[in-house]
Each structure stands twice: as C-alpha cells, then as structure tokens.
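Summary of structural features
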Amino acid sequence: MPQPPRLLLPDAPALIAGLGRATLLTPDGELLALSASGLAEALGGAAPLLVHAPATARRLDLPRFDAAFDLLELFAFCMPARPAAPTPRGLAMALDLTPPVDDAAAAAQLPEMATILLRHLAAGRHLPLNRDAAILTAHLRKVAGWSWADSVLAALGADAEKPSLDPYKVWRRLPDWEDPGPAQPPGSFDVSPGEARTRLAHILGEGSEQRPQQADYASAASGAFAPREDRGTPHIVLAEAGTGTGKTLGYIAPASLWAERNGAPVWISTFTRNLQRQIDQELGRLYPEPEERRRRVVVRKGRENYLCLLNLDEMLGQATHPDMAVPLALVARWALATRDGDLMAGDFPGWVAELHGPASIWPLADRRGECIRSACPRYKQCYVEHSIRRARTATLVIANHALVMVQAAQGGAEDVRPLRYVFDEGHHLFDAADAAFSAALCGGETAEMRRWLLGAEGGRSRARGLRRRIEELAGDLPDLLPPMEAALHAARALPGLGWVTRLSEEPREPASEAAAERQSNPTEVFLRAVRRQVLARAREEDGLYDVECDLHPLGEDLPEAGEALERALKRIEEPLARLREKLMARLEDEVEELETTDRIRYETAAKGIERRALMPLAAWQGMLRALREPPPLPGERRAFVDWLALTRREGREVDAGLHRHWLDPTTPFALTVAAPAHGLLVTSATLRDAGLGGDEEADWVAAEARTGASQLATPAIRAAFPSPFDYAARTRAFVVTDVDKTRSAQVSAAMGALFLAAGGGGLGLFTAIRRLRDGFRHMAPRLEAAGIPLYAQHMDAMDNATLVDVFRAEENSCLLGTDAMRDGVDVPGRSLRLLVFDRVPWPRPSILHRERRVHLSGGDPKGYDDALARHRLRQAFGRLIRRADDRGVFVLLDRSCPSRLLAGLPEGVPLRRTGLAEVVAETRAFLAEG
C-alpha cells in the first residue's frame, strides 16, 4: 500500500506587517515586535512566511522581498478558483479557521495555514486537476526558484519530475464547446402573482424568515412576464424595493418560472460585476446542485473580461522567464478549475496581478479587441464561445448593463436577443446608456482603428490587420483584394505611431518625406485644431486635469480640418463597404458549397468590418458634417450634445477630440433595447427621487424619465416596497458644522477622528482623487498606530473588487474611495458601520451636464442638480444597513449642505447638525451599543 506523502513545511519566520512596524514569530517560537528598520536584521536574510509580499513591503516602507513564502501563491496553487481576501484574516476565513484577533495570533496562524493547504493538495494529488501539477512545479523550481516548490513536490509525492511547459497548455485539457443548434420558438405563457409567490417560498425553503414585502414584490414583478399584446409594446414594471426587501430572490422567482415554462432565458442585467457575482451566488438557493446550476445559470460579460487562450499560448515563451513563470503557472492552474474563465471579478484571484504586476495578467485578456473569432486555433475551447452557447439554452443569464447596451448599440449581438429582461440597479440605466450610445472622434479611437486595419506597425502586438484576415479567406477570391488594398491605403490618414507626442507640436518645416506625411495626416491636423481651440477657450487650469470647450463658435482652422478628415474617412469607408458586401454575397451565392467552418469565418469577417469599422466611421462622418451646420439657438432642443475636449493623465496630455452624447440617452435605450423586448422589470432601492414636497406622482414621472419607461407605448406598472429595517433605531446621521471642507488637513483630521471613534469599519467617500490621496497620507499613520488598517482606491495596488473583499474580511479596517465605492459596496455586518462623505457629491460641472440640466430638468435646473446629489447620498446611505441587526452612522463633513438634499434619507432617521467633537462622541457611544 503506497505511503501518504510527507509534508515539508518551510523553516521560516512568520511575518505580519503594520504601518512601519512588524510582528515576527521565529521558528523557535519567539515573538518579536520590531520596527521596520529592525526587521532586516531580525530576518538575517531568511525568507519570511507571510501573506501578500508586495503589500507587506509597502506597509513597512521596504523594498520588495527578494524571496518569501507567500501563502497567497500557495493558496492559488492548491485551491485554484477559490475566493479569499488577500490578508491574514481573509485567508484564515477562506480556510475555515477562527480569524485572528491580533498580529501575534495572526503570525501564529500562518504555519497552520501552510499545513492545511499542503494537506489539501496531498489529499487530492490523484485528482485530474493535479495530473500535471508536479511537472509544473518542477518547472517553477528550475526556472524561478519558487519558494514553495519543494513543499509542493513533497505533498504530491513527486520529488524528481522532469520540468516541462506542457502543463501551461491548458487548452489541451479543456472541453470543446458544442453548438446547441437552432433555438426552438419560445412560449408566451405568463406567470401569475400567486405562482411567483409559490416559487419564492420554494426557493426560501421551509422555516425561512417570512418577509411579506418580498412576497408582494415577487407578485408585482410577475407583471413583466405577461404575454405581449402588440409589437413594440413591452410590459414594463418599475419596482422600487428598499434595502432588506429581498428583491434579488423576489425577481428570480417569477423570472426562473417564466424561463422554465417557455423555453427561453431571462436576462438579469446589473450595473456592477460585483452584483453579478452576488446574484450568481444567490441562485445557489434555487439550483443547489452545481451541475444543474452550471447548466441553468450563465454569467455573461464582454470579451475583455475573459482569459484568452490564444494570448496565453503566445505568452508561453515568457514562462521561461523567472518573473513570469509563477504567475502564468497560477493562471494555468486556475484555468483548469474555473467555472467560466472570467479574469475580472469572477473566480480568478485578482490579487495575483498585485503579487506579480499587472503585466503578468492583463495581457491575457482580449482588452484591445484583437479576437480573431473562428480563425483562432483555440476557438473550440474558448471560454467566451462556451458562455455564448450556454446562454442560448440557459434559464437565467446574468449580464451587465454595459454588455446589454453595447450589443444593442452595435446593431446586433453574439447572443440571441432576449425577450425578457430584469434590470437590477435600474437607477444606473441612464448612465449605462449614456456610455454605450456615445461617440468620440479622438486620437485614441482613430489610432485604434488604424491598428485594427493595418495591424501592428511597431511594438509587441498580435494585431494582424485586415490584410492577413482577408488573405486567409481570399485564396480563391481575388475580387476581395482590390477593395481591401484601397481601404488599407486610405487608412494611413488615421494617426500613426507617436501621434500623442505630435499632438502638442507646432507645425514646422518637415525634415523628410515621412515627416511631411505625418504632419499633413488629416486626423492629426484635426486633432491639433481641436487642441488649439480647447486651450484658447477653456478656463485657465493648473494643467493637471481634462479641459473642454463648446464646439461653437468654430475655431479658425477647425472647419477646413474637419472637411479634410471627413473626405479621408469616406475614402476608408467606401472600399470597406464593398468588401463587406462581397463577403456577404459569398454567403448567399454559395450557400450549398460552403462548409460550416468557412461560413462562420466569412460571417465573422463581415460582422467585424461592420462593427469595428463601418459603424464608427459613419458616426464620425456624421459628427464632422455637423461642423457645417449652424450652431443651435439658445434653448433649442436637439438630439445630441457635441463638444471638444483635451484629455490629461497625471498632468500629461494624452488625447484630444470631438465628443458626442445623446442629450437623453434613454431614447436609444428605449428604441433598441426596451421596445423590441416583450417584458422588462426595472428595479432598484432608489428608483425615485423621494425629494421635498412628498409629490409621489412627480417622483414616479422622474423615475420613468430616467429609465426610458416614458418613451414606451405602454404605461409602466409602478410598485414600491419600503425597507423592513428600523432605520430610526439602527442609524444616526450628522452634518458636521465646524470643519472647513476646503482645507484638506481639516477634512482628513475629522474623518480620521471619526474612524478612530468607530474603532474601524469606516468607509470614507471623496469627490476627487487628489483629496482622497491627501486624506490617505494624513490618516494612515494615526489609524495604523491604533491598529486600524487603512486601504484606499487609487493608492493600494488592488482592484476595487479586491479592496472590497479585504474591507469585508478585515472587520476593523477602513477604506477610502470615490464613486465606484459609493455604489459598488455590499458589506453587511460590522465591517461597514460608519460612512463619511468629504462633501456634498454634486454633479461635476461639464458641458454635457450643463445642457442636460437645461433641457431635462423640466425648467428647474437647480432641482435637477439637487436630485442627482440627493440620489447619490441616498445610495451611499443604503450601504450602511444590509441586515436587520446592523448599526450605522452617516456623516457629512460639509456644513453648507442644504437640508433639501437630505430629504431622501429613510424616514425617521435622526439627523443633526453639530460640531465635530459631539459627532465623534455620539458615534463612539452609538456604535458601542451594538
């Protein structure tokens, strides 16, 4: 009988870092409290056992560790695709250990964590997942000198494996997707309110907490699943459900029942990827068996979110480099265990990119639109293609607003057009539509089109360009070559390499023919004219931030530059249109001769030309034609808002261009998304404004306008369900009256004092990144000295999802963030018990906002601003109480805040305006009661 493998634990000191201080547990069991400067001497060159080496070094203000036993790497290797917050406490929770109460306990727990992970690997060494694990580890030991290599090989019982790159080639072990065939016509049977309630009770199970509002909500949501009576007249339900109603399961009940009954998926769309993940987790209550859940539930995102197997294949040459071998190995391990290949907020540990640098992970996703679809040798194993085909036969598809809108904006989709939608976080529909249906004729967009057409002209990219894509198809179709060549020749009118540098250069006598060609490039000439007008018209700024100006009156050189660029774009568009027509003609003329794979390739090429080139070219030419039109009269309503902008990053100019947005983006949303559907449920905790006056009808009218419901032929069904939480007893709200919001030091000191009073669990929200950074530098030392870790968006090298995971796991930590943290945080319990705003979150002044507040405000521009600010405060307040037993304090450090902005807070919330000292004392006392 084979002997179980032995465990080989590293003889390493365990290290826990605070800000400028360290706790070290030596292998002999001695516990040391050290300064950062004394740590190096105590280590004596030994590689420490720790969690998150880069973060540990940053907190100690030390250079990166030359070698370390990072438990996050071991966790990602032994338990791929398993979630864990990248801190000692977070890792303990992921391993079902009692979270440590202090740094000494955390240090003592690190060796135990290593033991658990290695035992888990040893117990599963015969599983298919670990078939090549020893070979992979041998490669890591040879190439990268991986700290964990000997321990992992011992756990696998394989000390002398021959190194190889084969384990990196995960596509060899991934299943091929199968085409489900044509979808059958869906039924149109409805879901009655009683049936929705019954399904909800089934999901909740016996003995569950009874929430009458949730059952009532499910009944109301069923109205979105009634049969449509006429084309273009979907049933639309607007349902506002206060926090704690249980709306997720409330709408899942009728949605799942309708999908099962009628043989077509319901698309559930959210604004954030975090909520996609939460909904997916909730569906475990309806489909507890993993295989059934995988069959019935599909998460859909844009291609840029997924691991691209071709990118992985092309990066394997870097797997022999010491800095790249480990991260690519962790990706290979994850790729065999992942549910759907989602690198961004899926089951991939985002902190791997923090451990080894973004360049080790982000190039693995198709972030530049270089997917070659059916021409890809990994096409049959592609995660995206898997998800597209699974979505066609799924019961529920969990998407996001961005994907739904972009597919509609592109005039077609890879996915079958849904008949029924649930738009959760429906208050974000306006912003999502605004982003999807806008256009920008700028340097970045036009240079990207040149790259797509001409391919890589320098640097490292696999961008093959149109020539290579067409030559693969045109072996026996010489008639495709002339329009292709004409398009490629014309594409040189788009910005070439180095255009950003030339953007700010003044025209001068060219030194060569190539320089003359670049200087006369129509797009670059137009961009320089844009830049000149923006700098001439915009208010004087400090040079750090973006600037913009009105399009009219046109600058002296802009009309001529615009006409020249319009002609140049037309010369690109015309041959591309002919090329697309010839590809489509082949599909029609040789329908019987073409193999299925060839048909897919031709159709993909034609769609790519339409989506990536013809559609933006048409939009850009329309924007340029508008330069010849008379400027709108003051107060004149029009469909679009056009303006010029100069984009800066860290004070450096990076782009310039002409921008166009719909004045009301719900117009294209209603036309392209809502009207073709049969039914929509739009839901949120904050659909209505709930402003002053108690005019319920006006609040609903505003909600219908912001969601596009008012533009549909049938009136919306309205439903509202109050939160069951006792906000009067469980919350407090304050406006601090003696802090000057314009003085960063005062704001930081006040926020830090409140965080200390709460003992952590504080979320600080800033309306500007610069003020956030100043606040972090002021607060971090004082909080860390009190044992309260401080994390911050734009400061920590973690993505937002990882920061929220850390904040949730570290109950007494604090987090600073901007807009994304205001809307994207779901942290129940004591981990979020205090929320502090640095100032009123007024909408940012801009030309687009200026026009909207005039034309969409119903004659009350100030009220329009009030509604947006009130909504943001209400959304943020909703982060505080996520469970009935939560307690929370809301503080606004802006004494100028008008009372009307706080009218949207839940009814009964005690609101006081008082000095900081009293707010600190009451915060401490109120939270201590919990």
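Below is a summary of the structure that appears in this document.

Describing the nonpolar core
Judged by nonpolar contacts, the single largest core of 80 residues is most densely connected at Leu71, Tyr168 and Leu307. Sorting elements by how many residues they give to this core places helix 14 (residues 322-337) first, with ten residues. Filtering out sequence-adjacent residues up to four positions away, Tyr168 remains in contact with Leu136, His139, Leu140, Leu312, Leu316, Ala319, Ala325, Leu328, Ala329 and Ala332.

Some points on the pairing of strand 20 (residues 814-817)
Alternating positions in strand 20 separate into two faces, Cys814 and Leu816 on one and Leu815 and Gly817 on the other, with burial throughout. Examined bridge by bridge, strand 18 (residues 762-765) and strand 20 share four bridges and lie parallel to one another. Counted as the bridge partner of Leu763 is Leu815 from strand 20. When strand 19 (residues 790-792) meets strand 20, the two strands line up parallel, connected through three bridges. Looking at strand 20, one finds that Ala792 is bridged to Leu816.

Some details on the sheet that holds strand 8 (residues 297-299)
Read across the sheet, seven strands follow the order 8-9-7-10-15-6-16 without closing on themselves; strand pairing throughout is parallel. Looking at strand neighbours, the two that pair on one side only are strand 8 and strand 16 (717-721), the edges of this open sheet. Sheet twist, expressed as the average angle between the axes of neighbouring strands with direction ignored, equals 15°. For strand 10 (residues 420-423) and strand 15 (residues 679-684), the ladder comprises four bridges, and the chain directions are parallel. By the bridge assignment for strand 15, Val422 is matched with Leu681. In the packing of helix 9 (residues 212-221) onto the sheet, contacts are made with strand 6 (235-241), strand 15 and strand 16, and the angle to strand 16 comes to roughly 170°. Across the face of the sheet, helix 11 (residues 273-282) comes into contact with strand 7 (266-270), strand 8 and strand 9 (396-400) while running at roughly 165° to strand 9.

Concerning helix 2 (residues 53-60)
Where burial is concerned, most of helix 2 is hidden: seven out of the eight residues are buried. Backbone geometry just after helix 2 places Asp61 at a positive phi near 55°.

Focus: the pairing of strand 21 (residues 834-837)
Within a regular strand, the side chains alternate between the two sheet faces. Here strand 21 shows two buried faces, one formed by Leu834 and Val836 and the other by Leu835 and Phe837. Of the pairings in the sheet, the one linking strand 18 to strand 21 comprises four bridges and is parallel in character. By the bridge assignment for strand 21, Leu765 is matched with Phe837. Here strand 21 pairs with strand 22 (residues 888-892) via four bridges, running parallel.

Quick notes on the pattern of salt bridges
Under the definition given, this model contains 58 salt bridges. Its salt-bridge partner being Arg296, residue Glu260 comes within 3.8 Å of it at the nearest N-O pair. Separated by 36 residues along the polypeptide, Glu260 in helix 10 (residues 247-262) and Arg296 in helix 12 (residues 290-296) bring together distant segments of the chain. Accessibility expressed as a relative area gives 32% for Glu260, which makes it partly exposed. For Arg296, a relative accessible area of 18% translates into the label buried. In this structure, Glu704 engages Arg718 in a salt bridge whose closest nitrogen and oxygen atoms are separated by 2.9 Å. Residue Glu704 is found in helix 28 (residues 696-707), and its partner Arg718 is found in strand 16; the two are separated by 14 residues along the sequence. A cluster of three or more residues bridged by salt bridges with shared partners is formed by Arg199, Glu260, Glu292 and Arg296.

Analysis parameters
Residues numbered from 1 in each chain as written. Predicted model: local features only at pLDDT ≥ 70, side-chain atom pairs only at ≥ 80, totals over all residues. Heavy atoms only, no water. Core = buried A, V, L, I, M, F, W, Y, C linked by side-chain atoms within 4.5 Å. Buried < 20%, exposed > 50% of the residue type's maximum accessible area, 1.4 Å probe, protein only. Helix = DSSP H or I, 4+ residues; strand = E, 2+ residues; numbered from the N terminus. Contact = heavy atoms within 4.5 Å. Pairing = 2+ DSSP bridges. Axes fitted to C-alpha atoms, helices over the stretch in contact; angles between N-to-C directions. Salt bridge = Lys/Arg side-chain N within 4 Å of Asp/Glu carboxyl O.

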